[in-house]
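Chain by chain, the residues:
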Amino acid sequence: MDYLFLHRDKRTFTSERQKNLLFRAARLYWEQKYEGREPEKARKVDCELYKYVLYYLEVRQVFLDPKLSLKKLSDMIETNQTYLSNVVNRYFGCHLKELVNTYRVEYAKELLRSGKCLPEELPQRCGFLSRSAFYAAFKKVTGVSPKRYMKYEMRAQHSESINYV
């Protein structure tokens, strides 16, 4: 699923409409990918948690909180930690820390592309507690360092702007 926050109008940050659009997209995605996989009752509950995880990550951008934890997110969603962890593991295919770091890195990539943030400020702006954690997560997600990523982006932008006569 695409990271919706990258394509969102900032004026509608936490609007009810934004929440409804995200829930509808998540439900449709859920039905296509997981329909018939588990008993109907468990699936409905899992789907609700799945939608709220997406809502808190994509619309509310809680991944920017450097102290976000399983306990904190489960309190926000009003569920227990074990069940939330199981849903994240089963339907996102990773543990919560990895999921949150992926969102942070995607956000960092967007900030780098837009030029709205200096590279030195990226770790703090993206919710990382340390620079080393940021670099490790960035390299794990993208396969390259932030500096090399920017070099590739600059080349791509430069090659797109060349007009051939």
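Up top you'll find the structure we're talking about.
Residues numbered from 1 in each chain as written. Predicted model: local features only at pLDDT ≥ 70, side-chain atom pairs only at ≥ 80, totals over all residues. Heavy atoms only, no water.

*Asks:* Whenever I open this one, the overall build of the protein confuses me. Can you help?
*Replies:* Counting secondary structure elements, the protein contains eight helices and zero strands. Its helices and strands in sequence order give the protein the pattern α-α-α-α-α-α-α-α, from N to C terminus. The buried share of the protein, taken over its 165 residues, is 38%. Counted over contacts in the protein with a minimum sequence separation of 6, partners at least 24 positions apart contribute 63%. On the protein, roughly 10,200 Å² of surface is accessible, and the fraction owed to carbon and sulfur atoms is 51%. (Helix = DSSP H or I, 4+ residues; strand = E, 2+ residues; numbered from the N terminus. Buried < 20%, exposed > 50% of the residue type's maximum accessible area, 1.4 Å probe, protein only. Contact = heavy atoms within 4.5 Å. Areas by Shrake-Rupley, 256 points an atom, 1.4 Å probe, with all protein chains shown as cover.)

*Asks:* How do you make sense of the packing of aromatic side chains when you look at a structure like this?
*Replies:* Scanning all chains against the criterion turns up eleven aromatic pairs. Centre to centre, the rings of Phe 23 and Tyr 52 are 4.9 Å apart; their planes meet at 75°, and the pair counts as edge-to-face. Taken together, the residues Phe 23 in helix H1 (residues 16-34) and Tyr 52 in helix H2 (residues 40-59) connect sequence positions 29 residues apart. Summarising the aromatic geometry, the rings of Phe 134 and Tyr 135 are spaced 5.4 Å apart at their centres and angled 70° between planes, so their arrangement reads as edge-to-face. Overall, Tyr 135 belongs to the partly exposed group, its relative accessible area being 30%. Through pairs of rings, three or more aromatic residues link up here, namely Phe 128, Phe 134, Tyr 135, Phe 138 and Tyr 149. (Phe/Tyr/Trp six-rings, centres within 6.5 Å; stacked < 30°, edge-to-face > 60°.)

*Asks:* Explanation requested: unusual backbone geometry in the structure shown.
*Replies:* Trans peptide bonds make up most of the peptide bonds, and negative phi angles are found at most residues other than glycine. In this structure, Gln 61 takes a positive phi of about 50° despite not being glycine. Relative to the assigned elements, Gln 61 resides in the loop between H2 and helix H3 (70-77). Backbone geometry places Glu 78, a non-glycine residue, at a positive phi of 65°. Residue Glu 78 is classed as exposed on the basis of its relative accessible area of 73%.

*Asks:* Got a minute to help me understand the environment of Ser 114 in this structure?
*Replies:* With respect to the helices and strands, the residue Ser 114 is situated in helix H5 (residues 96-114). Among the residues examined, Ser 114 registers a relative accessible area of 35% and is labelled partly exposed. Engagement of the side chain of Ser 114 in a polar contact is seen with the backbone nitrogen of Lys 116, the distance being 3.3 Å. (Polar contact = N/O pair within 3.5 Å; in protein donor to acceptor, adjacent residues only side chain to side chain.)

*Asks:* When you look at the environment of Lys 147 in this model, what are you seeing that I'm missing?
*Replies:* Within the secondary structure, Lys 147 sits in helix H8 (residues 146-161). The spatial distance from the C-alpha of Lys 147 to the C-alpha of Tyr 135 is 9.9 Å, given a sequence separation of twelve residues.

*Asks:* Would you take a moment to explain a positive patch on the surface for this structure?
*Replies:* Taken together, the side chains of Lys 139, Lys 147, Arg 148, Lys 151 and Arg 155 make up a positively charged region of the molecular surface. When residues of the positive patch are assigned to their parent elements, the largest contribution, four residues, is made by H8. Positionally, Lys 139 belongs in helix H7 (residues 131-142). (Patch = residues over 30% accessible without salt bridge, like charges linked within 9 Å, V, L, I, M, F, W, Y side chains within 5 Å. Salt bridge = Lys/Arg side-chain N within 4 Å of Asp/Glu carboxyl O. Lys, Arg positive; Asp, Glu negative; His and termini not counted. Charge placed at Lys NZ, Arg CZ, Asp CG, Glu CD.)

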